[in-house]
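This is what each chain is made of:
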Amino acid sequence: MPSSSPAPSPHPIYNTTYTLYALPPLFSFPALTSSALKPHAKRLLQLFRGENLRGIALPPPSTEQAQLSRAGRLLSCTWTPLPSFTDEDDLIGIRIDVKYENASYTTLLMSDGRGTVKEGFTRLPLLLSRLPSPLRSQLLDYLATNFDILPLPLELPETLLRQCLDEYITASRGGEGKDVVLTFAGKGEGLKRVTITVAAEDVEKFWRRGEGSEEDGTGFLRTLGGHLESAMGLRIEEVVLVKATTGGFVLAVEGKGKFFEGGGSAVVEKVLQEADLIHRS
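Because the structure is a prediction, the values reported are computed rather than measured.

Student: Could you give an account of the pattern of salt bridges, naming the residues involved and the relevant values?
Tutor: Tallying each qualifying case throughout the model produces 11 salt bridges. Put simply, K205 and D202 hold a salt bridge, and the shortest N to O gap is 4.0 Å. One end of the pair is K205 and the other is D202, both in helix α5 (residues 200-210) and three residues apart, which spans about a single turn. One salt bridge in this structure joins E229 and R235, with 3.4 Å as the shortest N-O distance.

Student: Lay out the environment of L26 with the relevant residues and their values.
Tutor: Mapped onto the fold, L26 is located in strand β2 (residues 26-27). Owing to a relative accessible area of 0%, L26 belongs among the buried residues under this scheme. C-alpha separation for the pair L26 and V117, spaced 91 residues apart in sequence, amounts to 9.7 Å. Not counting chain neighbours up to four residues away, the residues in contact with L26 comprise G120, F121, T122, L124, F147 and I149.

Student: I'd like to hear about the pairing of strand β12 (residues 249-252), residue by residue, with values.
Tutor: Here β12 shows no split at all, with F249 and L251 on one side and V250 and A252 on the other all buried. In this structure, strand β11 (residues 239-245) lies alongside β12, joined through three bridges in antiparallel fashion. Note on β12: the bridge partner recorded for T245 is V250. Between β11 and the antiparallel strand that follows it, β12, lie three residues. Hairpin remark: β12 followed by strand β13 (residues 256-259), antiparallel, with three residues in the connecting loop; positive phi at G255, about 100 degrees.

Student: Would you mind going over helix α3 (residues 133-147) in detail, with residue names and values included?
Tutor: The end-to-end C-alpha distance of α3 is 21 Å, a good match for the 21 Å that 15 residues give at a rise of 1.5 Å each. Residue D148 follows α3 closely and has a positive phi angle near 55 degrees.

Student: Can you tell me about α5, naming the residues and giving the values?
Tutor: Buried within α5 are the following residues: A200, V203, F206, W207 and G210. Summarising the axial view, the buried residues of α5 lie within an arc of 125 degrees, below the 170-degree limit, and thus occupy one face. In this structure, the buried residues of α5 make contact with α4 (158-171), β9 (180-186), β10 (193-198) and α6 (219-232).

Student: Go over the confidence of the model for the chain, please, and point to the residues and values.
Tutor: For the chain, mean pLDDT is 88; residues scoring 70 or higher make up 87% of the total. Contacts of residues 52-60 to residues separated by more than four positions or lying in other chains number four contacts, the stretch itself having pLDDT below 50.

Student: Explain unusual backbone geometry to me, and be specific about the residues and the numbers.
Tutor: The phi dihedral of N15 is positive, around 70 degrees, even though this residue is not glycine. Its place among the elements puts N15 in the segment before β1 (18-22). At D148, a residue that is not glycine, the phi angle is positive and equals roughly 55 degrees. Tracing the backbone shows D148 in the loop between α3 and β8 (152-153).

Parameters at a glance
- Residues numbered from 1 in each chain as written.
- Predicted model: local features only at pLDDT ≥ 70, side-chain atom pairs only at ≥ 80, totals over all residues.
- Heavy atoms only, no water.
- Salt bridge = Lys/Arg side-chain N within 4 Å of Asp/Glu carboxyl O.
- Helix = DSSP H or I, 4+ residues; strand = E, 2+ residues; numbered from the N terminus.
- Buried < 20%, exposed > 50% of the residue type's maximum accessible area, 1.4 Å probe, protein only.
- Contact = heavy atoms within 4.5 Å.
- Pairing = 2+ DSSP bridges.
- Expected span 1.5 Å × (residues − 1).
- Arc of directions from axis to C-beta.
- pLDDT = per-residue confidence, 0-100.

Structural data, given as C-alpha cells:
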C-alpha cells in the first residue's frame, strides 16, 4: 500500500496570537534568500545570548519573563524567506524563528507584494511577533539599528474591526458555524466594557436577516445592533468595538491579532494596508 504524503503545514501566520507593529521601508535589507539572511540570524542569536550571558534581569519579573526563564537553553535563531498564502515560490517577507529547549517563538515581517519604494529600500510594512517582550524589544532595536527604521506599535482603529467582521460574516455566509464574541467599551463615563457572545446559529440568523440590506456590507452588524438595542439598551454605534473573535480571526484594537485558514487571509490584507498607512501619513 503506498504511503500517503503528509499534509502540508499551515502558513505560519495562522493559529498564533501575534503582537502587531508597523514598519517603514527598511534600508539595505538583504535579499529574500536563506544565504543573504543567515548573517543577520547569526548576529541576532549572538545578541540574545549576550543578554543571557550577562544575566540581565528586569525586576519585578513579568509573566513573559518568567515564561522565558522556563524555556531552557537558547538553541537557535533562523531567518528564512516567507512564502505567500497560496504559492511557495511567491516570497512576501521573512520568518524569524527563535528556538529554546522547551519553547519556540516566531516573528514575521511581510508585505502584500504591492507598492514601490525608493532604490535601496525594502517594503515590509507589517511585523507580527510572538516573542516575549524582552526578546521582542531586542529584535525591534536590532531592526531599527541595522535598517534605519522606527517600528511603531500597530493600534487598530475600531472601524477596521467592524469592517473585517462584516466582510468575514458575509464572505463566510454566516460565520462558518462558529460563535462570534464581541467586546465593546464606552467612549466616556458609564459603560466600561461589555462582552457579547453571539451563538453560531444566531450569527447565521442575523446575517440572513441583514443579507442584501446594506450595499456597504454592514448588514450583520446593523441587524445585530438593532437586536442588542431592543434587548439590552446597547447602541453599538455609540460604543467602541475593542475586540472581535470569530471563526476566521481575532483582532483587538491594542494591536493583537490571530488569524485562521479560510477567512483569515483577507483580514491580514486589511491589517497590512493599515500598517502601510502608518508610515505614509
